[in-house]
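So the chains spell out like this:
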Amino acid sequence: MTTATDAVQADRELKARHRAMWALGDYPSLATEIIAELGPTLVRACGIGPGDRVLDVAAGSGNAAIPAALGGAQVVASDLTPELFETGRRAAAAQGAQLQWREADAEALPFADGAFDVVMSCVGVMFAPHHQAAADELVRVCRPGGTIGLLSWTPEGFIGRMFATMKPYAPAPPPGAQPPPLWGSEDHVRALLGDRVSGIEVRRQRLRVDHFATPEEFRDYFKARYGPTIATYRAIADDPERVAALDHDLTELARREPVSEWEYLLVTARRA
């Protein structure tokens, strides 16, 4: 095979692993029980209103897409992992929201240039492995003058530190893949979007989380529900000492912050 063919095949395999990872556990329950307020926060920041054409990239089960639809927008919720859609469809139906669900790779969105008034992502696109490719797609499908809105965990915040805690136990990422919390760095996001946007606004905000009574409860909750944590444990499942060490490290992370303030970066900008 040629080098180009090898690269295409490697990318397909990487995306397949990402799709499978997010289908593990029960991310929709985490989105509902722990981070539910983030979706409406992003929708408000983007100023979404009736009739707006909205694309939610890496939408999961619709944490931001459903609130946007309830506000009267015409919403497409897209995600690499369509297994998450069924929970989203049930939630949308229960709330009386109408929207479309579309399987899509954030790095190769199947939509026309300038098709949407608002393109947003709530702790979603940050997990696409090739950041510039994903950012290019966000810009491409947003109309000139439209809004791009991003909400991402910061490297310094609780979830960023959780990923840093898991990193020594996880398989090495393939060449070219970048760590998700970089999307929570203002300089990184500005560089990704470049001069293709204007009027960029950046805010660091915090989500208060007091859902867990003990550090062990936090650890076990994420072990059971959160795809990246489940995948990390599976990678070391045949090494009981490393499993015990990761158990300890995640527990100690939560012990340092019994009532957590999970920091995120909220970015909005206008497509130039």
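Structural data are supplied above this passage.
What comes next is a walk through the structure. Owing to the predicted nature of the structure, the values given are computational and were not obtained by experimental measurement. Sequence order as written defines the numbering, with residues in each chain counted from 1. Totals for whole chains, interfaces and linings use every residue, but because this is a predicted model, local features are given only for residues with pLDDT of at least 70 and side-chain atom pairs only at 80 or more, for both listing and counting. Side-chain metrics rest on all non-hydrogen atoms present in the structure, leaving aside hydrogens and water.

1. Some words on helix 9 (residues 215-225)
It helps to recall that an α-helix has 3.6 residues per turn; residues three or four apart then point in one direction.
And step 1. For every residue, the accessible area obtained with a 1.4 Å probe (protein chains only) is divided by the maximum for its type, and the residue is called buried under 20%, exposed over 50%, and partly exposed between those limits. What counts as a helix is a DSSP run of H or I of at least four residues, what counts as a strand is a run of E of at least two, and both are numbered from the N terminus. Along helix 9, the positions that sit buried rather than exposed are Pro215, Phe218, Arg219, Tyr221 and Phe222. The buried side chains of helix 9 occupy one side of the element, clustering within an arc of 165° when seen end-on. The directions from the helix axis to the C-beta atoms are what the arc is built from.

2. Things to note about helix 3 (residues 38-46)
And step 1. All of the buried residues in helix 3 are Leu38, Gly39, Thr41, Leu42, Val43 and Cys46.
And step 2. If you follow the buried residues of helix 3, they end up packed against helix 4 (65-70), strand 4 (116-122), strand 5 (142-153), strand 6 (197-209) and strand 7 (260-271).
And step 3. Directly beyond the C-terminal end of helix 3, a positive phi value near 65° is found at Gly47. In what follows, residue pairs with any heavy atoms lying within 4.5 Å of each other are defined as contacts.

3. Observations concerning the packing of helix 9 against helix 11 (residues 240-256)
And step 1. Interaxial angles span 0 to 180 degrees and are taken between N-to-C directions of axes, which are lines fitted to C-alpha atoms, for helices over the stretch in contact. At a minimum axis separation of 8 Å, helix 9 and helix 11 run at an interaxial angle of 125°. What the angle tells us is that helix 9 and helix 11 run oblique. The hand of the helix 9/helix 11 crossing is right-handed. Only Asp247, Leu250, Thr251, Ala254 and Arg255 of helix 11 make contact with helix 9, whose side of the interface consists of Pro215, Glu216, Phe218, Arg219 and Lys223.
And step 2. Charged means Asp, Glu, Lys or Arg here, nonpolar means Ala, Val, Leu, Ile, Met, Phe, Trp, Tyr, Cys or Pro, and polar covers whatever is left, Gly included. Looking at the contact of helix 9 with helix 11 residue by residue, the class counts come to 4 nonpolar, 1 polar and 5 charged. Should an angle fall under 35 degrees it is taken as roughly parallel, and over 145 as roughly antiparallel, whereas 65 to 115 is taken as roughly perpendicular and any remaining angle as oblique. Each helix crossing is assigned a hand: it is left-handed if the near helix lies turned anticlockwise from the far helix by less than a right angle, otherwise right-handed if that turn is clockwise.

4. Things to note about the packing of helix 9 against helix 10 (residues 227-235)
And step 1. At their nearest, the axes of helix 9 and helix 10 sit 6 Å apart, and the two run at 85° to each other. Classed by the angle they form, the pair helix 9 and helix 10 counts as roughly perpendicular. Of helix 10, the residues touching helix 9 (which contributes Arg219, Phe222, Lys223, Ala224 and Arg225) are Gly227, Thr229, Ile230 and Tyr233.
And step 2. Each residue belonging to the contact of helix 9 with helix 10 can be placed in one class, and the counts come to 4 nonpolar, 2 polar and 3 charged.

5. A word on the side chain of Ser29
And step 1. With respect to the helices and strands, the residue Ser29 is situated in helix 2 (residues 27-33).
And step 2. Here Asp26 takes part through its backbone oxygen, which lies 2.8 Å from a polar atom of the side chain of Ser29.
And step 3. Among all residues touching Ser29, those that are not within four sequence positions of it are Ile34, Tyr221 and Arg225. The term polar contact refers here to a pair of N or O atoms within 3.5 Å; inside protein, the definition further demands a hydrogen-donor-capable atom paired with an acceptor-capable atom, and it admits residues adjacent in sequence only when both atoms are side-chain atoms.

6. Observations regarding the pairing of strand 3 (residues 100-103)
And step 1. Paired strands, in this sense, are two strands between which DSSP finds at least two bridges. Both strand 2 (residues 74-79) and strand 3 contribute to a ladder of 4 bridges, which runs parallel. Across the sheet, residue Ser78 finds its bridge partner in strand 3, namely Arg102.
And step 2. Handedness of the strand 2-helix 5 (residues 85-95)-strand 3 crossover: right-handed. Handedness of a crossover is defined as follows: orient the strands so they point away from the viewer, and if the path from the first strand over the helix to the second runs clockwise, the crossover is right-handed.

7. A look at the nonpolar core
And step 1. Grouped together as the largest cluster of nonpolar side chains are 87 residues, with contacts concentrated most on Ile35, Leu99, Met120, Trp153, Met162, Trp183 and Trp262.
And step 2. Among the elements that line this core, the one with the most residues is strand 7, at 6 residues.
And step 3. Met162 has contacts with Phe218, Phe222, Tyr226, Thr229, Leu250 and Leu253, leaving out every residue within four places of it along the chain. Here, nonpolar core means buried Ala, Val, Leu, Ile, Met, Phe, Trp, Tyr and Cys residues that are tied together by side-chain atoms lying within 4.5 Å of each other.

8. Concerning the pattern of salt bridges
And step 1. When a carboxyl oxygen of Asp or Glu is within 4 Å of a side-chain nitrogen of Lys or Arg, the pair counts as a salt bridge. Here the structure, examined in full by the defined rule, presents 22 salt bridges.
And step 2. For Glu83, the salt bridge identified is with Arg19, shortest N-O distance 3.4 Å. Taken together, the residues Glu83 in the loop between strand 2 and helix 5 and Arg19 in helix 1 (residues 3-23) connect sequence positions 64 residues apart.
And step 3. The network of salt bridges with common partners includes Asp11, Lys15, Asp105 and Glu107.

9. So, the pairing of strand 4
And step 1. Buried residues dominate strand 4, accounting for 7 of its 7 residues.
And step 2. Examined bridge by bridge, strand 1 (residues 53-56) and strand 4 share 3 bridges and lie parallel to one another. Looking at the pairing, Leu55 lines up with Val119 of strand 4.
And step 3. Both strand 4 and strand 5 contribute to a ladder of 6 bridges, which runs parallel. Bridge pairing in strand 5 links Met120 to Gly149.
And step 4. Chirality of the crossover, the property in question, places the unit of strand 4, helix 6 (residues 131-140) and strand 5 among those that are right-handed.

10. What about the sheet that holds strand 6?
And step 1. Ordered by their spatial adjacency, 7 strands build an open sheet running 3-2-1-4-5-7-6, and the pairing between neighbours is mixed. Of all strands in the sheet, those bounded by a partner on one side alone are strand 3 and strand 6. Pairwise comparison of adjacent strand axes, ignoring direction, gives a mean angle of 20° for this sheet.
And step 2. Relative to strand 2, strand 1 runs parallel, the two being bridged by 4 bridges. The partner of Leu55 across the bridge, within strand 2, is Val76.

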